[in-house]
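# Overview (structure and organization)
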Amino acid sequence: MTPFNCDLIVIGAGAAGLMAGIQAAQRGLSVIILEKMDRPGRKILITGKGRCNVTNCCTVEEFMPNVTTNSRFLYSSLSNCSPYEIMGFFEELGVPLKVERGQRVFPQSDKAGDIAAALSGRAKALGCTIRCGAPVASLLLEEGRAAGVKMADGQTCRAPNVLVATGGKSYPGTGSTGDGYALARQAGHTVTRLKPSLVPIVCHDSCCADLMGLSLKNVTLTVMDTKTNKQVFSELGEMLFTHFGVSGPLVLSASCSMGGDLSRYKLLVDMKPGLSPQQLDARLLRDFTQFQNKAFINSLSLLLPRKMIPVVVSRCGIPGETKVNQITREQRQRLGETIKAFPLAPKCFRPIEEAVVTSGGVEVKEVSPKTMESKKVPGLYFAGEVLDVDGYTGGFNLQIAFSTGFAAGNAVGKP
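Report follows, based on the coordinates. (Residues numbered from 1 in each chain as written. Predicted model: local features only at pLDDT ≥ 70, side-chain atom pairs only at ≥ 80, totals over all residues. Heavy atoms only, no water.)

Attention shifts here to the overall build of the chain. Scanning the chain from N- to C-terminus turns up 12 helices and 22 strands. When its C-alpha atoms are laid out on the principal axes, the chain stretches across 90 × 40 × 35 Å. Looking at the chain residue by residue over its 415 residues, the buried ones come to 55%. Intrachain contacts of the chain at a sequence separation of at least 6 include 71% that bridge at least 24 residues. As displayed, the chain offers around 17,600 Å² of accessible surface, 49% of which is attributable to carbon and sulfur atoms. For the chain, the centre of its 46 positive side-chain charges and the centre of its 35 negative side-chain charges are spaced 3 Å apart. (Helix = DSSP H or I, 4+ residues; strand = E, 2+ residues; numbered from the N terminus. Buried < 20%, exposed > 50% of the residue type's maximum accessible area, 1.4 Å probe, protein only. Contact = heavy atoms within 4.5 Å. Areas by Shrake-Rupley, 256 points an atom, 1.4 Å probe, with all protein chains shown as cover. Lys, Arg positive; Asp, Glu negative; His and termini not counted. Charge placed at Lys NZ, Arg CZ, Asp CG, Glu CD.)

This is the structure:
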């Protein structure tokens, strides 16, 4: 039999792959990490808008409700590699961190490159070989177990253990083009339906284009299921209007709670969540007293962003030229209702290529939650976004990648 080139081949030099390589190399195993892009950690560089939301500073118990798919599968790996362990890991590598709103953790430098460099630097220091520009075509399977990989150029690289950490299908420019799903299917694994998660939403409302570029901060976004009349999401934060609809942290999180048929949902934006309807009405009365001789459309400058005013005026049905002192109590209440529950009609999600993460992937029932090893093919492992596990925005998905990569790297080669 042809001798092995190393103990472990990792396919993909992202967060999961690099973490796995580091853990395996620390145990004395020889590791080759194959990356099809020109440099490791390409997707890390764009996370958190280029700042890298490393993790979320919370306990495992607090973490779990933020995992939207197959949370129980992660309990073991998260327990062994929690957010606190990851924070300590990067601090020890010389990357000081900070905690921001929502317990989001970032490097103090606000540079995602520092995280990517720390991971690849540590992997290399431990003896991992990182080959960039090295796409994998298929797995080598011999006698029912992993035996290496065949490269796109026809060459083979052999190892008794192979980890697939290729990411999902979102942000294909970073190398996440779904390659891992084909490798999983080749090994006989089930791949669940792929769909975008943490993704912007296209809306029917033409006003979104008029509001393009407007960021609303400290607003509450609520998603109502009109078929059941139940609230499926409600959170305080920031959102952004775009030429096609809405985006921003609130919208990305809301998308996780919405099924494929978006016609059944209604988005409601509370632009003044800190005020009760009664308090908002009192505020409107004060403003109207100040601007009583002005046209209605010119009376809201202290309350709403400039771009938002004509849209709200149109939605509440009060003619903009109406004198403020002529506005009735009923009209004022209608204005308050519009401000507290500005409606938007979702049409569809943006393409999966624009999603932050891919929902769906390798069926976790076919993977050991403790070791990330395939239950079908000994020596084959999966970690990161290629698995059918995902969570909300806020550092949760990167932590999932680190924890699953950590589990795989610590399990490889053990009897």
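Next comes the rest of the write-up.
The subject of this paragraph is the pairing of strand β15 (residues 230–241). Where strand β14 (residues 215–225) lies against β15, nine bridges are found, and the strand directions are antiparallel. Among the inter-strand pairings, T222 is bridged to a residue of β15, identified as S234. Hairpin connection from β14 to β15: four residues lie between these consecutive antiparallel strands, with N229 at a positive phi of about 60°. Here β15 runs beside strand β16 (residues 245–247); their pairing, made up of two bridges, is antiparallel. Bridge assignment links F241 to a residue of β16, and that residue is V246. (Pairing = 2+ DSSP bridges.)

Turning next to the packing of aromatic side chains. Counted according to the given criterion, the structure contains four aromatic pairs. A ring pair is formed by F63 and F396, whose centres lie 5.0 Å apart and whose planes are at 75°; its orientation type is edge-to-face. Remark: F396 occurs in helix α12 (residues 396–411) and F63 occurs in helix α2 (residues 60–63); sequence separation between them is 333 residues. Geometrically, the ring pair formed by F288 and F296 is edge-to-face, given 6.3 Å between the ring centres and 85° between the ring planes. Comparing F288 with F296, the two get one shared label, buried. Within the aromatic cluster, the residues linked to one another by ring pairs are F89, F90 and F402. In this structure, R51 is placed above the aromatic ring of F106, and the distance from its NZ or CZ to the ring centre is 3.9 Å. When the ring centre of F244 is taken as origin, the NZ or CZ atom of R350, which lies over that ring, is 4.1 Å away. (Phe/Tyr/Trp six-rings, centres within 6.5 Å; stacked < 30°, edge-to-face > 60°. Lys NZ or Arg CZ within 6 Å of the ring centre and 35° of its normal.)

Sheet architecture is open: five strands sit in the order β7-β2-β1-β11-β21, paired in parallel fashion. The two strands at the open ends of the sheet, each matched to only one other strand, are β7 (129–132) and β21 (380–382). For this sheet, the mean inter-axis angle between neighbouring strands, taken without regard to orientation, is 20°. With four bridges joining them, strand β1 (residues 8–11) and strand β2 (residues 31–35) adopt parallel strand pairing. By the bridge assignment, I9 is partnered in β2 with I32. (Axes fitted to C-alpha atoms, helices over the stretch in contact; angles between N-to-C directions.)

Now for the packing of helix α9 (residues 277–290) against helix α11 (residues 329–340). Look at α9 against α11: their axes get within 10 Å of each other, and the N-to-C directions meet at 120°. The angle between α9 and α11 places the two elements in the oblique class. Seen along the crossing, α9 lies across α11 with a hand that is right-handed. On α11, the residues touching P277, L280, D281, L284, L285 and F288 of α9 are R332, L335, G336, I339 and K340. Split by residue class, the contact of α9 with α11 holds seven nonpolar, one polar and three charged. (Parallel < 35°, antiparallel > 145°, perpendicular 65-115°, else oblique. Left-handed = near helix turned anticlockwise from the far one by under 90°. Nonpolar A, V, L, I, M, F, W, Y, C, P; charged D, E, K, R; others polar.)

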